[in-house]
Amino acid sequence: MGATEFEVPKLYPVIHNEGVSRTLSAVESVLEAGADGVFLINHANNAASLINRYEAVLRRFPDAFVGLNFLSMRDPLDVYFYLNTSGTVPDAVWTDRFSLEPAYMDQMKALTPQADARRALLFAGVSHKGTTTYTSDPIQSELMTRIADPYIDFVTTTGPRTGEAAPLDKVVAMRGALNHAKLAIASGVTPQNIGDYVPYTDAILVASSIEATFGEIDPERLSCLMAAFRVSIEVDRETRQPTS
């Protein structure tokens, strides 16, 4: 799936489980609830175990959109090098960091036509929690977005911490700065605020708002979020329709 196919916002639960069986159970529950796909993330700093879970998910759900986040490799170039070495090409990769240094962006540009792994959509952090470049300031976030835009498929932003929403004025400013990339939000989206973000985002990554405990999906919370997401899309669609 290319970035151009995201005509309507997509919702991707983030699966934190480390075991294969628990991962498969979680993926099954979110796909049955109507999620557009999943991101798998590893917390044990073991890239091989994440690939193992990814391959198990593909065997069970061959048509599912599956993205990966290697917490031990927060730089896109490191991730692409590893994926090329392993021969794995997921639908997407998500990294917390993206350097705005010119030399780094030149490396990214040179990588694009060469690496098989670059077929994976890049969700890269800009003003992302846990990085030195995080800011809630919309002007600074807009500037960083303009710089990163040509090199990223999905500019991915967050609130200041896990579970905290990104300031809406920051999201609006970042959306307005995009020419090439799409925009993803990866923290703090709930049934109560998802309607605020749907008009400005192309992808929403959720975890804590649908979990009972860390890594365990709560079916009721998941159902509430999916219902609010569907309503928000319909409201946004009706709002965009020209009036007669």
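Data block above holds the structure.
This write-up is about the structure you can find in this document. (Residues numbered from 1 in each chain as written. Predicted model: local features only at pLDDT ≥ 70, side-chain atom pairs only at ≥ 80, totals over all residues. Heavy atoms only, no water.)

## Focus on the pattern of salt bridges
Side chains bearing opposite charge may pair, as long as their charged atoms lie close to each other.
Item 1. The final tally for this structure, using the stated rule, is six salt bridges.
Item 2. One salt bridge connects glutamate 142 with arginine 146, and the closest N-O pair in it is separated by 2.9 Å. Of this pair, glutamate 142 and arginine 146 are both found in helix H5 (residues 138-148), four residues apart, which corresponds to roughly one turn of the helix.
Item 3. Classification of glutamate 142 by relative accessible area gives partly exposed; the value is 25%.
Item 4. Since its relative accessible area comes to 44%, arginine 146 is described here as partly exposed. (Salt bridge = Lys/Arg side-chain N within 4 Å of Asp/Glu carboxyl O. Helix = DSSP H or I, 4+ residues; strand = E, 2+ residues; numbered from the N terminus. Buried < 20%, exposed > 50% of the residue type's maximum accessible area, 1.4 Å probe, protein only.)

## A short note on the nonpolar core
Item 1. Counting 60 residues, the largest nonpolar core has Leu40, Phe70, Phe98, Ile152, Val155, Ile194 and Phe229 as its most contacted members.
Item 2. Not counting chain neighbours up to four residues away, the residues in contact with valine 155 comprise Ala124, Val126, Thr145, Met174, Leu178, Ala181, Lys182, Leu183 and Ala184.
Item 3. Ranked by size, the runner-up nonpolar core spans 16 residues in total, among them Val14, Ala92, Leu205 and Ala207. (Core = buried A, V, L, I, M, F, W, Y, C linked by side-chain atoms within 4.5 Å. Contact = heavy atoms within 4.5 Å.)

## Remarks on the sheet that holds strand E8 (residues 203-206)
Item 1. On the basis of which strands lie adjacent, the closed barrel formed by eight strands has the order E1-E2-E3-E4-E5-E6-E7-E8 and parallel pairing. Direction aside, the axes of adjacent strands within the sheet are offset by 25 degrees on average.
Item 2. Pairing of strand E1 (residues 10-15) with E8, which is carried by four bridges, proceeds in the parallel orientation. By the bridge assignment for E8, leucine 11 is matched with isoleucine 204. (Pairing = 2+ DSSP bridges. Axes fitted to C-alpha atoms, helices over the stretch in contact; angles between N-to-C directions.)

## Some thoughts on the packing of H5 against helix H6 (residues 168-176)
Item 1. Packing of H5 against H6 leaves a shortest axis separation of 8 Å and a crossing angle of 30 degrees. One way to sum up the angle between H5 and H6 is to call them roughly parallel. Note that H5 runs across H6; the crossing there is right-handed. Residue-level inspection shows Pro138, Ser141, Glu142, Thr145 and Arg146 of H5 in contact with H6, the latter providing Asp169, Lys170, Ala173, Met174 and Gly176. (Parallel < 35°, antiparallel > 145°, perpendicular 65-115°, else oblique. Left-handed = near helix turned anticlockwise from the far one by under 90°.)

## Here we look at the layout of surface pockets
Item 1. Considering only enclosed or pocket space, the largest pocket measures out at about 450 Å³ in volume.
Item 2. Around the largest pocket, the lining is made up of 26 residues, and of these His16, Trp94, Lys129, Thr162 and Ala186 lie nearest the centre.
Item 3. Counted as a void, the second largest pocket has a volume near 190 Å³.
Item 4. Take the lining of the second largest pocket: its biggest share by element is four residues, from helix H8 (residues 219-240). (1 Å grid on protein atoms, 1.4 Å probe; cavity = no way out; pocket = protein on both sides within 12 Å on 5 of 7 lines; lining within 4 Å. Points joined across faces, edges and corners; volume = space filled by probe spheres on them.)

## Re the packing of aromatic side chains
Item 1. Inspection of the entire model under this criterion finds eight aromatic pairs.
Item 2. A ring pair is formed by tyrosine 12 and phenylalanine 39, whose centres lie 5.7 Å apart and whose planes are at 70 degrees; its orientation type is edge-to-face. With tyrosine 12 in strand E1 and phenylalanine 39 in strand E2 (residues 38-42), this pair connects stretches of sequence that are 27 residues apart. By the burial criterion, tyrosine 12 is buried, and phenylalanine 39 matches it.
Item 3. Centre to centre, the rings of phenylalanine 70 and tyrosine 82 are 5.6 Å apart; their planes meet at 65 degrees, and the pair counts as edge-to-face. In this pair, phenylalanine 70 is assigned in strand E3 (residues 66-70) and tyrosine 82 in helix H3 (residues 76-86), connecting sequence segments 12 residues apart. (Phe/Tyr/Trp six-rings, centres within 6.5 Å; stacked < 30°, edge-to-face > 60°.)

## As for the environment of phenylalanine 65
Item 1. Within the secondary structure, phenylalanine 65 sits in the loop between helix H2 (47-60) and E3.
Item 2. For the pair phenylalanine 65 and arginine 119, spaced 54 residues apart in sequence, the C-alpha separation works out to 13 Å.

## Considerations on H5
Item 1. Those residues of H5 lying buried are Ser141, Met144, Thr145 and Ala148. Seen end-on, H5 carries its buried residues on one side only, within an arc spanning 105 degrees. Along H5, exposed side chains directed more than 90 degrees from the buried face belong to Ile139 and Leu143.
Item 2. Considering only its buried residues, H5 is in contact with strand E6 (154-157) and H6.
Item 3. For H5, the N-terminal cap is aspartate 137; the gap from its side-chain oxygen to the backbone nitrogen of isoleucine 139 is 3.0 Å. (Arc of directions from axis to C-beta. Polar contact = N/O pair within 3.5 Å; in protein donor to acceptor, adjacent residues only side chain to side chain.)

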